[in-house]
Amino acid sequence: MSNNEYVLQMSNISKSFSGVKVLDSVKLDVRPGEVHVLIGENGAGKSTLMKILIGMYTRDEGTVIYKGEEIKIRNTKEALDVGITMIHQELSPILEMTVAENIFLGREFKTKVGFVDQKKMKIEAQKLFDEVGISDIKPSAKMKELSTAQTQMVEIVKAVSFNADLIIMDEPTSSITDNEVDKLFSIIRRLTAKNVAVIYISHKLNEIYQISDSITVLRDGEYIATKATKELDKDELVRLMVGRELSDLYVTENHSQSNVVMSVKNLTNGKLFKDINFELHKGEVLGIYGLVGAGRSEVVETIFGMRGKYEGEIFVHGKKIVISSEKDAIKNGIALATEDRKGTGIFLGLPIRNNISMAWLNNLTKLGFVNGKKEKTETNIVGDRLKVKAASYANAVGTLSGGNQQKVVLAKWLLTNPDVLILDEPTRGIDIGAKAEIYKIIEELTSQGKSVIMVSSEMPEILGMSDRIMVIADGENRGVLEHEEISQLSIMNLIAKV
Amino acid sequence: GGENSNETAGAGSTSAAAENKETFTIGFSDFSLTAEYQAKLRDEILDYAEKTYGDELEFVVLDGESDSDTQNSGIDNLISQKVDLIIMVPFDAEQQIPAVQAAVDAGIPLLEVCLQTADDGLRTSFVGSDDTSSGVLEMQCLAEAMGGKGNVVYLHGPTGQDSEIKRHEGANQVLEDYPDIEVAAESVCNWDRAEAMTAIENYVQSGMQIDAIFCENDEMALGAYAAIEGTDLEGKIHIGGIDCISDALQAVKDGKLDCTVLQDAKLQASEVVEAAYKVLHGEDVEEYIEVPYQLVTKDNADDEYFNN
Amino acid sequence: MKEKNFDLGNFLRKFGIYFVLILMMIILSFLSKSFMTVSNMMNILRQVSVSGIVAMGMTLVLVTGGIDLSVGSMIAFAGVIGCTFAHPDPSYPLIVVILIGLAAGALCGLVNGLIVAYTGVNPFIATMGMMTIARGATLLFTNGRPINDLSESFQFIGRGTVGFISTPILFLIAVCIISALILHKTSLGRYIFAVGGNENAAKVSGINVKKIKIFVYIYSGILCGLAGLLLASRTNAAAPNAASGYELDAIAAGVIGGTSTSGGRGGVYGTIVGALIMVVLSNGLDMLNVSSYIQQIVKGIIIIGAVCIDQFSKGKDS
Amino acid sequence: MKEKNFDLGNFLRKFGIYFVLILMMIILSFLSKSFMTVSNMMNILRQVSVSGIVAMGMTLVLVTGGIDLSVGSMIAFAGVIGCTFAHPDPSYPLIVVILIGLAAGALCGLVNGLIVAYTGVNPFIATMGMMTIARGATLLFTNGRPINDLSESFQFIGRGTVGFISTPILFLIAVCIISALILHKTSLGRYIFAVGGNENAAKVSGINVKKIKIFVYIYSGILCGLAGLLLASRTNAAAPNAASGYELDAIAAGVIGGTSTSGGRGGVYGTIVGALIMVVLSNGLDMLNVSSYIQQIVKGIIIIGAVCIDQFSKGKDS
Ligand SMILES: Nc1ncnc2c1ncn2[C@@H]1O[C@H](COP(=O)(O)OP(=O)(O)OP(=O)(O)O)[C@@H](O)[C@H]1O
Ligand SMILES: Nc1ncnc2c1ncn2[C@@H]1O[C@H](COP(=O)(O)OP(=O)(O)OP(=O)(O)O)[C@@H](O)[C@H]1O
Ligand SMILES: [Mg+2]
Ligand SMILES: [Mg+2]
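Basis of the calculations
Residues numbered from 1 in each chain as written. Chains lettered and ligands numbered in written order. Predicted model: local features only at pLDDT ≥ 70, side-chain atom pairs only at ≥ 80, totals over all residues. Heavy atoms only, no water. Helix = DSSP H or I, 4+ residues; strand = E, 2+ residues; numbered from the N terminus. Rg over C-alpha atoms; globule rule 2.2 N^0.38 Å. Buried < 20%, exposed > 50% of the residue type's maximum accessible area, 1.4 Å probe, protein only. Contact = heavy atoms within 4.5 Å. Buried area = accessible area lost by both parts, 1.4 Å probe. Salt bridge = Lys/Arg side-chain N within 4 Å of Asp/Glu carboxyl O. Polar contact = N/O pair within 3.5 Å; in protein donor to acceptor, adjacent residues only side chain to side chain. Nonpolar A, V, L, I, M, F, W, Y, C, P; charged D, E, K, R; others polar. Phe/Tyr/Trp six-rings, centres within 6.5 Å; stacked < 30°, edge-to-face > 60°. Lys NZ or Arg CZ within 6 Å of the ring centre and 35° of its normal. Axes fitted to C-alpha atoms, helices over the stretch in contact; angles between N-to-C directions. Parallel < 35°, antiparallel > 145°, perpendicular 65-115°, else oblique. Left-handed = near helix turned anticlockwise from the far one by under 90°. Domains from an automatic or database assignment. Donors = N, O, S within 2.8 Å, 3.2 Å for Na, K, Ca; no water. Disulfide = S-S within 2.5 Å. Pairing = 2+ DSSP bridges. Least-squares fit on C-alpha atoms with pLDDT ≥ 70 in both.

Moving on to the overall build of chain A. Along the backbone of chain A there are 17 helices and 22 strands. For 498 residues, the compact-globule formula gives about 23 Å, and the C-alpha radius of gyration of chain A, at 23 Å, lands near that figure. Across its three principal axes, chain A shows a C-alpha extent of roughly 70 × 50 × 45 Å. Residue burial in chain A is summarised as follows: out of 498 residues, 58% are buried. For chain A, restricting intrachain contacts to residue pairs at least 6 apart in sequence, the fraction spanning at least 24 positions comes to 66%.

Laid out in structure tokens, this is it:
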């Protein structure tokens, strides 16, 4: 094996965090011009391996050979200097700065006198957007005005704009829809044509087969295998990842009953959306689908009291209720796992256990004091059910892998045992095994007569899980598909309908 | 010179003396060592003790940081260390009484210098003078300079501080005799030059008729002067201060300030050290050893007495 | 097994600053023979009582991500208001005086809390405003003069002893216990951490963020009320200019003890250690007869050093 | 179209606090006829010069998410060190005195910066330590006495005029321009915002976060050095206890002007308005001859009110 064959060779990489080994002699070899997928369950160590590569973490052991030379990268600046960039799993935009400033941070254009050339930065940013066909983001907008999906696209554009030789993409598609995914893939194809290597991390198997050349599988911090994508079928891949066979992903049994649990009439919220009507039946999974920016999140957030005043009516169990805060919603048996995990989902610095119990604490206290024992048992039950991978529930959530953080959010809401569980992009960043687990839990809940509203941008998930589907576009309800009408085509037709 | 009032009287017997030590440790607790006068007083005390008694007297110097509780805590710490005698410049007339009480309870004699607490039954002796008189001297001087009528602006030290209260009382006593003098404005400037300067600048701008500025210390007086220096008002406003710090003395000589009032740090220092020495050797001292304030004007500013 | 591992780590994290305090005390007891005596230890505890009580309230405020600059003024305000009813004649029962003092503090705290929770004004500005307002009100009320002539019974709360322990120490212990229970054992405490950790997530979890914020400022106010009474009783007079600058000491005690000024992290045990470090340092340097100017230099260096050691003992992961 | 909308929004946001200042000035000019005169305006500018200069440095520090409590002490330190060389005999050239003063401030700032950047000690503690250390050093150096007997040429920098404008005003203007250029026009300024906005993101973008932090503390130190010289020159003496408490004013000026204490947001224009609001308030209340106790109450209320109005004008989105 000649060195020149690979642009990157990582071997024997090991890493421990406070005594817990998270990477154990892992290797990864990447050829120039290929899309190399790194796959594994949540917490397998994918992000950690990549952070070691770009110098955010220091490895305990191992060597990294890049372009035939052994390198020691101590910080991200050095990684940039040798031509390695990374799209991070946890988006970290600088909210108060503009899109253009974010993209060119650290390499600003200067005017003749040496000041920052804001104009040029905007023009160049616009050029980058035009190249990939992004039209909904203004270079002069502040990052905090963007949706998660838009933020993700900015990060992609930024990473690509460095003209690096190796680009790491850590779950770049976890918060964007098919439309943007297509844009991303055309970017990737253009890059590989220029012999740029891409390390691609994703839990979406379809994408992997669509875009990648070879696959490296990690499991529990250990290297399992590297194969050409062509030579590896889906079942085999899942078996390598999970360590066992995985039967049907989706549970299709319909538990809908005829009685209506919640109904929403003419719900309107400013310019965000208008005249949304739907009914939610007992034991039903109501899917909500739409393209990015359609206003789905806004609808469910309004129902949950997060978006202030609304017009229209909300009925729960036939009784009209007024929801002016999240507390009102929770009192009425509604729970919402929001799409913005970091912003509204978790408390990064607080222990996992405290995160899980946060919305249910009133029921775990006596005379104001938290019943530690009860808290422990109950949080352990939901946590285990979701297979949260953590050394201890006393650790801060911030030390968890992205997927496991998402599980903590779900655990928090499951604990409240709601009648109506609303899930906004619930499986974002979650591995296939855990996904199956979550689907099973949804099934269990509905079989117990609970109702679920699921907002998702993943077509297979929406198709596989929903008993009915409401399609939203441009803040309008485009129609509700009954169980037997559901198909990808019918959904797309509703979206296209004007 | 100041009146010496340290006639000695027969044998006394304090606990400290009974031990008949070679050297004594004296705790000196000043309410603030960042105030210029207090820093000067400390230096004079240490100098005099060193010169006169050499190694015989050792000092532990504490800063009360202009906070009653801090000063009391410091005295508690001195008591814990079992010093032989405490000299204190109290921050507050009332709030330092518990410290005096604590010292007395621990059998440690306590002298007050410069400022005094309100309870004169407890302490061994006070060296200094009634602060009221300094206010009287300064206001008297300004009132005469104004010809008994006109507007005076009054600059206060930190509110609630004992010397501020007393100087204010003294000034008020004089004002009762001058019905034609009006206090046009008052401001709390915390002994601080820059604050005094700002206040006077603002009053001048307001178009207020100002004939004199009464300042409760020299720093503020110099700040007040800086505010009018170079303006049309220079030389038309009478300004007085208290403390006779070197800058102010020079300003009096130059005619920038009408007066300052000498608080005699040197004499206070020597008197209190002498008193301490006596107490430590079991001798009696007067309960009140007066070191009077003295008015300094252009007429007497060159006296050698003020200049060393 | 794994659970255990972590606890050790956590213990070490917390240990850092305890270690600094113990080290400091050991060194001082070698340097000065009068340092490590029962009477001096009591002395230290008595000295820490007022600042420790105030720092407890500050800790809760800091954990929510707030700050309370008005503590010094609230202490003076509550002391003065309380002591107006503490004269020997007419004499009111001690409990009335205490309640009035606490109420005065609580009132200021309530205003702080309302402003912070409802107007969106930065806590720094809100409480800095209150700092000025409460001080002005105190001066106006007393006309700048201390309130003295306090009753025997009132003097007891700051200067009395129960058994051989001074009453202020008992108050400090009580406040410690109550604060620790609130912050570390109740759901209220959890919510306080939640608000500081991620305000949006707290709201989404159904927590009434406004109520929590108002609570911590009131709590801080009440403790300042208590501190004001103790201070007045200790010094035998309620001065309108008392306790200025206490805010920095209280914040420093919290921060030295590991409470984050950006919220979400901290605890009352650390705070009491932080407060002790500062008092022990002053006491020790006084004992060693370090001149007051040099004391300031040494204090600054040691406080930075203490936090430094603490930081290193925690490792790089925070 | 949207682009425009946005700029208007931004303008309104900024407008809030300007509006408060203008409103305040209009009201004051009705209440006091001597308020709105050229000479009083100059007076106000002169009075804002020292605090304004300090607040500029503080703003940069705040934007990185830091805080600098040592400004008051650095002012005193630099003033005293500088003035040691400002006697008429032996006389040094003015530029030497200035450079020494600035260097003294820069030195303290450098130490602050190194501690904050390298040890992980919270900026609050680091600069509080420096506040004590620098004050102690100043007192030790001067033995608690002010340094006076300053040369004519030195007096010029704080009390002279160029044309009809006082020199301190010119210094203030220069510092404003330089600070605005640094913060809003250079890449250094972008990095300062980036570090405060999201330190990790800044690091990931290859920014040397440590260097940026060290820079802002040095900058704050240098401006304190300048302020110390101006203050000494204005008051004709360098007092070791000068400028205590200036840190709160400087922070308040920044925060009133819209700079966030948690970093990432702010600007120097807002700060100068914030500093002006405070000085105008004092000046106006003095003009109206409001008693100093009531002044405190009124000031507190108005400062909270000003920020409140600003907050409302920004809408609810922050
Ligand atoms: N800073 C940290 N401190 C402690 N543990 C950490 C830290 N970062 C990661 N870990 C642990 O390392 C393991 C691997 O995490 P990593 O983020 O690499 O997983 P991943 O494969 O990227 O998972 P996901 O698919 O969920 O993103 C996890 O068990 C995680 O809890
Ligand atoms: N913080 C915000 N500030 C301004 N506009 C926003 C904000 N959040 C969302 N929007 C706008 O609201 C609309 C809908 O938002 P969003 O993209 O969240 O919808 P969605 O249908 O839930 O899509 P997805 O969840 O896939 O991102 C979009 O036009 C978006 O730009
Ligand atoms: Mg990951
Ligand atoms: Mg959404």
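Each side of the interface is counted separately: chain B has 29 residues, and chain D has 28 residues. Here chain B and chain D share an interface that buries about 2400 Å² over both sides, 42% of which is from carbon and sulfur atoms. If you sort the residues of chain B by the area they bury against chain D, B:Thr34, B:Asn202 and B:Gln205 come out on top, with a joint share of 25%. At the boundary of chain B with chain D, the tally comes to three salt bridges. Among the salt bridges present, the one from B:Glu201 reaches D:Arg234, with a minimum N-O distance of 3.4 Å. Connecting chain B to chain D are 19 residue pairs in polar contact (both at pLDDT 80 or more). Of all the secondary-structure elements, those providing two or more residues to the side of chain B that touches chain D are helix H2 (36-53), strand S8 (181-188), helix H7 (193-205) and helix H8 (218-228) of chain B. Of the residues in the side of chain B that touches chain D, the class split is 12 nonpolar, seven polar and 10 charged.

Before going further, it helps to spend a moment on the packing of aromatic side chains. Inspection of every chain in the model, using the stated rule, returns 13 aromatic pairs over all chains. The ring of A:Phe162 carries the charged tip of A:Arg107 above its face, separated from the ring centre by 3.6 Å.

Here we take up the packing of helix H13 (residues 372-385) of chain A against helix H14 (residues 402-415) of chain A. All names here are of chain A. Across the interface, H13 lies against H14 with an axial gap of 9 Å and an inter-helix angle of 125°. It follows from the interaxial angle that H13 and H14 lie oblique. Seen along the crossing, H13 lies across H14 with a hand that is right-handed. Each of Glu-378, Thr-379 and Val-382 in H13 lies in contact with H14, whose residues at this interface are Ala-411, Leu-414 and Leu-415. Within the contact of H13 with H14, the residues separate by chemical class into four nonpolar, one polar and one charged.

Here we come to the domain arrangement of chain A. Interface size is commonly expressed as the accessible surface area that is lost when the partners come together. Residues and elements named next belong to chain A. For chain A, the assigned domains read domain 1 (8-244) and domain 2 (260-496). Computed over C-alpha atoms only, the centres of domain 1 and domain 2 are separated by 29 Å. Between domain 1 and domain 2, the contact holds 26 residues from the first and 24 residues from the second. Of the roughly 1900 Å² buried between domain 1 and domain 2 on both sides combined, carbon and sulfur atoms contribute 52%. The three residues of domain 1 that bury the most area against domain 2 are Asn-42, Glu-90 and Thr-177, which together make up 31% of that side's buried surface. One salt bridge connects Glu-90 with Arg-341, and the closest N-O pair in it is separated by 3.3 Å. Where domain 1 touches domain 2, the interface holds six residue pairs in polar contact (both at pLDDT 80 or more). The element best represented in the side of domain 1 that touches domain 2 is helix H8 (residues 234-242), accounting for three residues. Its residues placed into classes, the side of domain 1 that touches domain 2 shows eight nonpolar, 11 polar and seven charged.

To continue, consider the coordination of the magnesium ion (ligand 4). Metal coordination angles in their ideal form are 109.5 degrees for the four-donor tetrahedron and 90 or 180 degrees for the six-donor octahedron. Residues and elements named next belong to chain A. Taken together, Ser-297 (OG), Glu-339 (OE) and Glu-339 (OE) make up the protein donors of the magnesium ion (ligand 4), found 1.8 to 2.8 Å from the metal. A residue pair is termed long-range when its members are at least 10 positions apart, and Ser-297 in helix H9 (residues 296-303) and Glu-339 in the loop between strand S16 (334-337) and helix H11 (341-345) qualify at 42 residues. Residues Ser-297 and Glu-339 agree in their burial class; the two are buried.

On to unusual backbone geometry, then. Between C:Asp89 and C:Pro90 the backbone carries a cis peptide bond, its omega angle lying at 0°. Here C:Pro90 lies in the loop between helix H3 (71-83) and helix H4 (94-119).

Right, let's get into the state of the cysteines. By the definition in use, this model includes zero disulfides over all chains. Cysteine B:Cys114 shares no disulfide, and the gap to the nearest cysteine sulfur, in B:Cys244, comes to 14 Å. Judged by its relative accessible area of 2%, B:Cys114 is buried. A disulfide-free cysteine, D:Cys176 has its sulfur positioned 15 Å from the sulfur of D:Cys224, the nearest such atom. By relative accessible area, which is 18% here, D:Cys176 ends up buried.

With that settled, consider the interface of chain D and chain C. Each partner contributes residues to the interface: chain D has 40 residues there, and chain C has 40 residues. Taken together, both faces of the contact between chain D and chain C bury some 3500 Å²; the carbon and sulfur share is 83%. Per-residue buried area on chain D facing chain C is highest for D:Ile125, D:Tyr293 and D:Ile304; these three make up 18% of the total on that side. Seen at the junction of chain D and chain C, the total is zero salt bridges. If you look at where chain D meets chain C, you find two residue pairs in polar contact (both at pLDDT 80 or more). When contributions to the side of chain D that touches chain C are tallied by element, the ones reaching two or more residues are helix H4 (94-119), helix H5 (123-142), helix H11 (246-256) and helix H13 (292-314) of chain D. Among the elements that take part in the side of chain D that touches chain C, H5(D) stands out by supplying 14 residues, more than any other. For the side of chain D that touches chain C, the class distribution of residues is 26 nonpolar, 12 polar and two charged.

Bringing the sheet that holds strand S11 (residues 260-269) of chain A into the picture now. Residues and elements named next belong to chain A. Strand order across the open sheet formed by four strands is S12-S11-S14-S15, with antiparallel pairing between neighbours. A strand with exactly one partner marks an edge of an open sheet, and here the two such strands are strand S12 (273-281) and strand S15 (319-321). Each strand axis lies, on average, 20° off the axis of its neighbour in the sheet, ignoring direction. With three bridges connecting them, strand S14 (residues 311-316) and S15 associate as antiparallel partners. Across the sheet, residue Ile-314 finds its bridge partner in S15, namely Ile-321.

On to the coordination of the magnesium ion (ligand 3), then. Residue and element names in this part refer to chain A. Within the protein, the atoms that donate to the magnesium ion (ligand 3) are Ser-47 (OG) and Gln-89 (OE1), at distances of 1.9 to 2.0 Å. Linking Ser-47 in helix H1 (residues 46-53) with Gln-89 in the loop between strand S6 (84-87) and helix H3 (99-103), this pair joins segments that are 42 residues apart in sequence. For the pair shown, Ser-47 and Gln-89 are each scored as buried.

To continue, consider the relation of the copies chain D and chain C. Both copies of the chain are related by a screw-like operation: a rotation about an axis and a shift along it. After a rotation of 180° and a shift along the axis of 0.0 Å, chain D superposes on chain C with an RMSD of 0.1 Å. Put plainly, the chains are arranged around a two-fold axis. Scanning chain D for the C-alpha nearest the rotation axis identifies D:Ser262, at a separation of 3.6 Å. Looking at chain D, 100% of its interface residues are interface residues in chain C too, so the copies touch through the same face.

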